[in-house]
Amino acid sequence: MLRPGGEPGVTISEEAPERMPARLAMLDRYLPVWIGLAMIAGLVLGRVVPGLGAALDAVQLHGISLPIALGLLVMMYPPLAKVRYDRLDSVTSDRRLLGSSLVLNWVLGPALMFALAWVFLPDLPEYRTGLIIVGLARCIAMVIIWNDLACGDREAAAVLVALNSIFQVIAFAALGWFYLSVLPGWLGLEQSTLDVSFGQIAVSVLIFLGVPLLAGYLSRRIGEQRWGRQAYEESFLPTIGPLALYGLLFTIVVLFALQGDAITSRPLDVARIAVPLLAYFALMWGVGYLAGRVLGMTYERTTTLAFTAAGNNFELAIAVAIATFGVTSGQALAGVVGPLIEVPVLVGLVYVSLALRRRFPHPSSAVAPSRTPVEDRT
């Protein structure tokens, strides 16, 4: 996949900023435009094509519309095929990165969403509960795309996403019980319940992370054995690279088509749900980026830390909300609004991150090996 950023093998600070946009591929250069058009196309299709939403949602994969599931799997495969799995040990030995990621994702993230949900939606318990569920579902899928677009550390992203998946299986149900039943009781607030099993979460992780991760690993291993690393990276990766953005755009169209009627018929409700989500994504990304700077990480790992902290596993959040409260519930609507807000906000943060890269004080070679020209071109 062609990536926004600097000339291959050259840091952003080494080239004139005004020359960069001319070198970007059209798909990347106008990415916000394509995403905006995909959102509009989905809304229009959902409104003007009778029965489209029901047809798209008729076949499901673990509680998620099959077209969305396929779009996510296609979207995640190219970035995971680009990961150099023989470099993962440089990430697993970085305790600053792993420790800060765990704190951001499993301590700060759920607590912040709980606070924002109660501050902005004190009179709307269904939407509030849906937002809290979104905050508990840490990102294991779409964050791979945001990290790759922002020129983050692919190997670090793969490790942090895998770490999140493990904690998701272990901690999701317990945190749901704590934030919906225990903590509100301590604070004298309205309590709720969450009926979700470890098996349900494990299956979600297996599908939406395990399948593309295994495919990416096998592609790298078999491709390098058959063609060699240079041919794999110069020929194969550029061929499959655009699939990531095509999968992203397809997923956005389907998401908005499925919820077009709900979004356009209840705009005020959607707006109220969107406000705490906007604050959440911006705050989590900002705190993650600041943590990376304070801890002296490279731009690549700081970016990865920020995006893995800000993203959420909307597949799991929607599936849990539907399974527990029903497909027409306010909790399910809040879960659906999550990715509808996350997509444009995190796309914007990709460009914020790239702009900040020019001023980043820590050289890329300080912690992790810099990427080769081939990697930056793909």
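Here the structure is shown first, and the text comes after it.
The structure displayed is predicted, hence computed values, not measured ones.

Participant: Account for the overall build of the protein chain, naming residues and giving values.
Facilitator: For the protein chain, the count of helices and strands is 18 helices and two strands. Here the protein chain holds 378 residues, and the buried ones make up 56% of them. The long-range fraction of contacts in the protein chain, counting pairs at least 24 apart against all pairs at least 6 apart in sequence, stands at 83%. Carbon and sulfur atoms provide 67% of the accessible area of the protein chain, an area that totals close to 14,800 Å².

Participant: Lay out the pattern of salt bridges with the relevant residues and their values.
Facilitator: Applying the stated criterion to the full structure yields 12 salt bridges. The closest approach of N and O atoms between R96 and D94, which form a salt bridge, is 3.7 Å. Residue D94 pairs with R301 through a salt bridge whose shortest N-O separation is 3.0 Å. On the criterion of sequence distance, the pair formed by D94 in the loop between α6 (89–92) and α7 (95–120) and R301 in helix α15 (residues 299–310) is long-range, its members being 207 residues apart. By the burial criterion, D94 is buried, and R301 matches it. Where salt bridges share partners, they join R84, D86, R220, E224, R229 and E233 into one cluster.

Participant: Can you tell me about the environment of M113, naming the residues and giving the values?
Facilitator: As for its position among the elements, M113 is in helix α7. Between the alpha carbons of M113 and L277 there is a distance of 8.1 Å; along the sequence they are 164 residues apart. If we skip the residues at most four places from it in the chain, M113 touches L131, I132, V134, G135, L277 and Y280.

Participant: I'd love a proper account of unusual backbone geometry, names of residues and values included.
Facilitator: Phi is positive for C151, which is not a glycine, with a value near 60 degrees. Topologically, C151 is positioned in the loop between α9 (143–149) and α10 (154–186).

Participant: Explain the side chain of N312 residue by residue, including any values.
Facilitator: One can find N312 in the loop between α15 and α16 (314–325). A relative accessible area of 2% means that N312 is categorised as buried. Here A137 takes part through its backbone oxygen, which lies 3.1 Å from a polar atom of the side chain of N312.

Participant: Go over the packing of aromatic side chains, please, and point to the residues and values.
Facilitator: Working definition: an aromatic ring pair is given by the centre-to-centre distance plus the angle between the planes. Enumeration over the complete set of coordinates arrives at 13 aromatic pairs. Note on F114 and Y179: the rings are 5.6 Å apart at their centroids and 50 degrees apart in plane angle, and the pair reads as tilted. Of the two residues, F114 sits in helix α7 while Y179 sits in helix α10, which places them 65 residues apart along the sequence. Ring centres of F178 and W186 lie 5.6 Å apart, and the angle between their planes is 80 degrees; on these two criteria the pair is classed as edge-to-face. The class of F178 is partly exposed, set by a relative accessible area of 24%.

Participant: Hey, could you go over the packing of helix α5 (residues 66–82) against helix α11 (residues 198–227) for me, with residue numbers and the actual values?
Facilitator: Two elements in contact, α5 and α11, have axes separated by 8 Å at closest approach and are oriented at 40 degrees. Taken as a pair, α5 and α11 cross one another with a handedness that is right-handed. Together, A69, L72, L73, M76, Y77, L80, A81 and K82 of α5 and I207, F208, L209, V211, P212, L213, A215, G216, S219 and R220 of α11 make up the contact between the two elements.

Participant: Before we move on, could you go through the packing of α7 against α15 and cite the residues and values that matter?
Facilitator: As a packed pair, α7 and α15 sit with axes 9 Å apart at the nearest point and diverge in direction by 20 degrees. Here α7 lies roughly parallel to α15, going by the angle between them. The two elements α7 and α15 cross, and the hand of that crossing is right-handed. Within the contact between the two elements, α7 uses L97, S100, S101, L104 and N105 and α15 uses R301, L305, T308 and A309. Residues belonging to the contact of α7 with α15 are distributed by class as follows: four nonpolar, four polar and one charged.

Conventions and cut-offs
Residues numbered from 1 in each chain as written. Predicted model: local features only at pLDDT ≥ 70, side-chain atom pairs only at ≥ 80, totals over all residues. Heavy atoms only, no water. Helix = DSSP H or I, 4+ residues; strand = E, 2+ residues; numbered from the N terminus. Buried < 20%, exposed > 50% of the residue type's maximum accessible area, 1.4 Å probe, protein only. Contact = heavy atoms within 4.5 Å. Areas by Shrake-Rupley, 256 points an atom, 1.4 Å probe, with all protein chains shown as cover. Salt bridge = Lys/Arg side-chain N within 4 Å of Asp/Glu carboxyl O. Polar contact = N/O pair within 3.5 Å; in protein donor to acceptor, adjacent residues only side chain to side chain. Phe/Tyr/Trp six-rings, centres within 6.5 Å; stacked < 30°, edge-to-face > 60°. Axes fitted to C-alpha atoms, helices over the stretch in contact; angles between N-to-C directions. Left-handed = near helix turned anticlockwise from the far one by under 90°. Parallel < 35°, antiparallel > 145°, perpendicular 65-115°, else oblique. Nonpolar A, V, L, I, M, F, W, Y, C, P; charged D, E, K, R; others polar.

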